[in-house]
Amino acid sequence: MTRSIQLPPHILAIDPYVPGKPIETLERELGIRDSIKLASNENPLGPSPRAAAAVRAAIDNLHRYPDGAGHEFIAALSAHLGCRPENLIMGNGSDDIIALLTQVLLHPGDRAVMPRPSFLMYEIAVRTVGAEPIFVPLDNLTIDLDGILRAVDAKTRMVFLCNPNNPTGKIIRQADFERFFDALPPAVVVVVDEAYIEFVRDPDCLQTIDFSKAERPLVTLRTFSKLYGLAGLRVGYGIMPAALAEGLNRIRQPFNVNLLAQIGARAGLEDREFVNATLHCVHSGLDYLYGELDRLELTYHPTQANFFLIDMQRDAQAVFEAMLRQGVIVRSMKSYGFPRCIRVNVGTADENRRFIAALGAVIDQIAAEPAADV
Ligand SMILES: Cc1ncc(COP(=O)(O)O)c(C=O)c1O
């Protein structure tokens, strides 16, 4: 008798998240060397040196379990943020906390409203628990808060927002959010994913931390993957009402943030020099890239994050492949609903120059080809 595995329909409805390929894999597949990756919004300067040193120093303790409650890490975070430890949850990346929130807050059949396109893990986490994602299209690349309000109904239990939004880099304004938040039914929990908030230069940008500290139905998500250069360690955190944090603590794996991750992230938090260097790199890099794209007469969408969209006026997948052959890895935005756009993150000054040179070469190539209808 043959037996086949039957997956439930709500799992079959999930399109798996496709992460950017590691640079080594791409080089092997394409037979290229010395390529640069500007596709996953990582920190181009590498990891925080203080974090790396702390991780190295902790290697001999790998036979020990980590502190499951993360006392020292949580204490350091709470001092850094000025909030109570009861309002903090640590996660194996902020992805982990997104999943925990949906498990704690949603029943099968409940709804969670989210912008589209935005970070894909919201949809995956919602579908995983048999709940229904409701998508609200962006308005001019920006999250449409009024559209989200209109989409909220009696079945809605959560709203996801991403500020600045990935992949468009556009922000939510503080005043707009306050109106939006006040108009929501109190039973709806708003999750604001601030993975890139530290890169924002616009003073009108929403900062939710004061809301989430104040025991309102709001969660702020942050990560060590970007500003601190620790994507490989997997550390994120959430700031939320104590009763919700208590719910997440009931179901999270007891050691969800590993020993090296806790130690590395705590040291990274103190690495002011690296944080300043990263901010300088991203901001000066953006200014340089904007200037060069103006010179190349390309349309781009200014950002408040460490990545942005460039409208290539051509099939983005073809541009992505042509850039790969130049040894530069970017992200095609075709599957995000922007068929002519690529997303690129800021690199080091050297990487930014290489990116511009490669882009110039690709433009020359495509100028020689007939325009494609996309
Ligand atoms: C908007 C957004 N949220 C969350 C994450 C995931 O962060 P982490 O590495 O902490 O899981 C990313 C990663 O790219 C992201 O772009």
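Nothing here was measured: the structure is a model prediction, and the numbers come from that model. (Residues numbered from 1 in each chain as written. Predicted model: local features only at pLDDT ≥ 70, side-chain atom pairs only at ≥ 80, totals over all residues. Heavy atoms only, no water.)

Draft legend 1. Highlighting the site of the ligand. The environment of the ligand is formed by 13 residues, the closest being Ser94, Asp193, Tyr196, Thr223 and Ser225. In the model, an oxygen atom of the ligand is placed 3.1 Å from a nitrogen or oxygen of the aspartate 95 main chain. Note that an oxygen atom of the ligand is positioned 2.9 Å from one of the side-chain N or O atoms of lysine 226. Taking 390 Å² as the accessible area of the ligand by itself, protein coverage stands at 93%. When the residues that make up the shell around the ligand are grouped by side-chain class, the tally is four nonpolar, five polar and four charged. (Near = heavy atom within 4 Å. Polar contact = N/O pair within 3.5 Å; in protein donor to acceptor, adjacent residues only side chain to side chain. Areas by Shrake-Rupley, 256 points an atom, 1.4 Å probe, with all protein chains shown as cover. Nonpolar A, V, L, I, M, F, W, Y, C, P; charged D, E, K, R; others polar.)

Draft legend 2. Focus on the domain arrangement of the protein chain. You can read the domains of the protein chain as domain 1 (9-46 + 273-367) and domain 2 (49-270). Distance from the C-alpha centre of domain 1 to the C-alpha centre of domain 2: 25 Å. Here arginine 201 makes a salt bridge to aspartate 287, at a shortest N to O gap of 3.2 Å. The interface formed by domain 1 and domain 2 includes 13 residue pairs in polar contact (both at pLDDT 80 or more). Of all the secondary-structure elements, those providing two or more residues to the side of domain 1 that touches domain 2 are α1 (9-12), α12 (272-295) and β10 (307-311). At eight residues, the largest contribution of residues to the side of domain 1 that touches domain 2 is made by α12. Grouping the amino acids of the side of domain 1 that touches domain 2 by side-chain chemistry returns 17 nonpolar, 11 polar and three charged. (Domains from an automatic or database assignment. Salt bridge = Lys/Arg side-chain N within 4 Å of Asp/Glu carboxyl O. Helix = DSSP H or I, 4+ residues; strand = E, 2+ residues; numbered from the N terminus.)

Draft legend 3. Unusual backbone geometry, seen in detail. Note that the residue after arginine 116, namely proline 117, is joined by a cis bond; omega there is 0 degrees. Tracing the backbone through its elements, the reader meets proline 117 in the loop between β3 (111-116) and α6 (121-128). The amide bond that connects asparagine 163 to the next residue, proline 164, takes the cis arrangement and shows omega of -5 degrees. Among the structural elements, proline 164 can be located in the loop between β5 (156-162) and α8 (174-183).

Draft legend 4. Structural view of the pairing of β5. When you tally the buried positions in β5, you get six out of seven residues, the bulk of the element. Direction of pairing for β3 relative to β5: parallel, over a ladder of three bridges. Across the sheet, the residue bridging to alanine 112 is methionine 158, located in β5. Of the pairings in the sheet, the one linking β5 to strand β6 (residues 189-193) comprises five bridges and is parallel in character. Paired with cysteine 162 across the bridge in β6 is aspartate 193. (Buried < 20%, exposed > 50% of the residue type's maximum accessible area, 1.4 Å probe, protein only. Pairing = 2+ DSSP bridges.)

Draft legend 5. Focus on the sheet that holds strand β13 (residues 341-345). Taken together, the four strands give an open sheet; going across it, the order is β9-β10-β13-β12, and neighbouring strands pair in antiparallel fashion. On the outer flanks of this sheet lie β9 (299-301) and β12 (331-332), each paired with one strand and no other. Where β12 and β13 come together, two bridges link them in antiparallel fashion. Looking across to β13, one finds that arginine 331 is bridged to arginine 343. Each of β9 and β10 touches α12; the most contacted strand, β10, lies at about 5 degrees to it. (Contact = heavy atoms within 4.5 Å. Axes fitted to C-alpha atoms, helices over the stretch in contact; angles between N-to-C directions.)

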